[in-house]
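Spelled out from the first residue to the last, the chains are:
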Amino acid sequence: MLKNIAVPMFNDNYLWLLISPQKTVIAVDVGDYALLATYLQAHNLQLTTVFITHHHHDHITGLAELHKHFPDVTIYAAKNINYATRILTGGELLNISDFGRFLVLDVKGHTAIHLAFYHLQQQLLYCGDSLFSGGCGRIFPDGNAEHLFDSLQKIALLPNNTQVCAAHEYTLDNLKFARHIEPNNLKLQHYQNICQLRRKENLATLPSLLATEKEINPFLRCHLLKERMQTLTHQTCLTNKSTFCTLRAYKNNWQPN
């Protein structure tokens, strides 16, 4: 059985580490090389592989130093990532020694190029900033809301037991917004209480289950929110995709009471 670890990084990022019984490691989105190196040394682990989801600095800043100290480590990433040794576009099936098989997904939308890595045996999804617990990534100038909708629909097709390993601890803020959108969602209220308790104990709210996200995350529930979004924004929402785009734009300017 592989061990999946979320190491807090920067203010609210997570450095995800997948550790094999042989004590080899896959690191996902190395924003802080020193943090990774310290963890590897403290736990007597060997880094063999790196996954990069997208090009934002908090996901890649550690790569230059990592490449200097671990020149033989395979770095799987898209074409716009410096130091990538295996270029991916999405759709690839990777078979990695000690770890098994990963499906690479094209989940663009937050940015023009964004990948996710899905471990087929243990149903782990390293999704970067595409999907968060209770929310989704904002749309950067090179991104596209319609593309992100399509990407989240793709993620929603994965098994319900999929563990969503997002890159940020944004859950409590996301759930405040989700409660504003669906104030009568009892499962959402219950999940918010659980997450509040976890954060009070300084525990991560991640990974979350995809099944749970389908019950509480408004960005995966746009098929149920057309009337609600029309009421809030006075915009016509005829399709699930247009509802998603309206919801994503609405969140950009929403402020909790």
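As the structure is a prediction and not an experimental result, all values here were calculated from the model.

J.: Looking at this model, I keep getting lost on the packing of aromatic side chains. Mind explaining?
T.: In this description, a pair of aromatic rings is defined by centroid distance and the angle of the planes. This model, assessed by the stated rule, comprises 12 aromatic pairs. Centre to centre, the rings of phenylalanine 51 and phenylalanine 102 are 5.0 Å apart; their planes meet at 80 degrees, and the pair counts as edge-to-face. Placement of phenylalanine 51 in strand 4 (residues 46–51) and of phenylalanine 102 in strand 8 (residues 100–106) is noted, with a sequence separation of 51 residues between them. Here phenylalanine 51 falls in the buried class, since its relative accessible area comes to 0%. Aromatic rings pair up to connect Phe149, Phe177, Phe219, Phe244, Tyr250 and Trp254 into one cluster. Between the NZ or CZ atom of lysine 251 and the centre of the ring of phenylalanine 177, over which it lies, the distance is 5.5 Å.

J.: What is the right way to read the pattern of salt bridges from this model?
T.: Once the charged atoms of two side chains with opposite charge are near each other, the side chains can pair. Applying the stated rule across the entire model yields seven salt bridges. Between lysine 108 and aspartate 106 there is a salt bridge whose closest N-O contact spans 2.9 Å. The partner of glutamate 169 in a salt bridge is arginine 199, with the nearest N and O atoms 3.9 Å apart. One end of the pair, glutamate 169, is in the loop between strand 13 (163–166) and helix 5 (171–181); the other, arginine 199, is in helix 6 (residues 186–200), with 30 residues separating them in the sequence.

J.: Is there a simple way to explain the sheet that holds strand 4 in this structure?
T.: One open sheet holds the six strands; their spatial order is 1-2-3-4-5-6, and the pairing between them is mixed. Among the strands making up the open sheet, the edge pair consists of strand 1 (3–9) and strand 6 (86–87). Sheet topology places strand 2 (residues 13–19) next to strand 3 (residues 24–28); four bridges connect them, and they run antiparallel. The residue bridging isoleucine 19 from the neighbouring strand is valine 25, located in strand 3.

J.: Where do I start with the sheet that holds strand 8 in this structure?
T.: Note: strands within a sheet are paired through backbone hydrogen bonds, in either parallel or antiparallel orientation. With mixed pairing, the six strands of this open sheet are ordered in space as 7-8-9-10-13-14. In the strand order of this sheet, the two ends are held by strand 7 (93–96) and strand 14 (208–209), each with one partner. Pairing geometry for strand 7 and strand 8, over four bridges, is antiparallel. Of the residues in strand 8, the one forming a bridge with leucine 93 is leucine 103.

J.: Would you explain the environment of leucine 93 in this entry?
T.: By the secondary structure assignment, leucine 93 is in strand 7. Taking the C-alpha atoms as reference points, leucine 93 and alanine 112, 19 residues apart in sequence, are found 21 Å from one another. When residues no more than four places from it in sequence are discounted, the contact partners of leucine 93 are Arg101, Phe102, Leu103 and Leu120.

J.: What is the right way to look at helix 9 (residues 240–253) in this model?
T.: Residues spaced three or four apart along an α-helix point in a common direction, a consequence of the helix completing one turn every 3.6 residues. Between its terminal C-alpha atoms helix 9 stretches 21 Å, which fits the 20 Å expected from 14 residues at 1.5 Å a residue. By the burial criterion, the buried members of helix 9 are Thr243, Phe244, Thr246, Leu247 and Arg248. Those residues of helix 9 that are buried are in contact with strand 12 (135–136), helix 4 (145–156), helix 5 and helix 8 (226–233).

J.: Help me out: how do you make sense of unusual backbone geometry in this one?
T.: The omega torsion of the bond from leucine 206 to proline 207 falls at -5 degrees, within 30 degrees of zero and hence cis. Its place among the elements puts proline 207 in the loop between helix 6 and strand 14. In this model, phenylalanine 10 sits at a positive phi of 55 degrees, which is unusual for a non-glycine residue. Among the structural elements, phenylalanine 10 can be located in the loop between strand 1 and strand 2. Overall, the relative accessible area of 45% leaves phenylalanine 10 in the partly exposed class.

J.: It is not clear to me how the pairing of strand 1 should be interpreted in this structure. Could you clarify?
T.: Note on strand geometry: in a regular strand, side chains alternate between the two faces of the sheet. Bridge count between strand 1 and strand 2: seven bridges; the pairing is antiparallel. Residue asparagine 4 lies in a different strand from strand 2, and its bridge partner there is leucine 18. From the end of strand 1 to the start of strand 2, which pair antiparallel, there are three residues, and phenylalanine 10 there has a positive phi angle of about 55 degrees.

J.: Just to check I follow, could you spell out the environment of valine 164 for this structure?
T.: For valine 164, the position within the fold is in strand 13. Measuring from C-alpha to C-alpha, the distance between valine 164 and leucine 88 comes to 21 Å, with 76 residues separating the pair along the chain. When sequence neighbours within four positions are dropped, the list of residues in contact with valine 164 reads Leu125, Cys127, Leu131, Leu206, Pro207, Ser208, Leu209, Leu210 and Glu213.

Rules behind the numbers
Residues numbered from 1 in each chain as written. Predicted model: local features only at pLDDT ≥ 70, side-chain atom pairs only at ≥ 80, totals over all residues. Heavy atoms only, no water. Phe/Tyr/Trp six-rings, centres within 6.5 Å; stacked < 30°, edge-to-face > 60°. Helix = DSSP H or I, 4+ residues; strand = E, 2+ residues; numbered from the N terminus. Buried < 20%, exposed > 50% of the residue type's maximum accessible area, 1.4 Å probe, protein only. Lys NZ or Arg CZ within 6 Å of the ring centre and 35° of its normal. Salt bridge = Lys/Arg side-chain N within 4 Å of Asp/Glu carboxyl O. Pairing = 2+ DSSP bridges. Contact = heavy atoms within 4.5 Å. Expected span 1.5 Å × (residues − 1).

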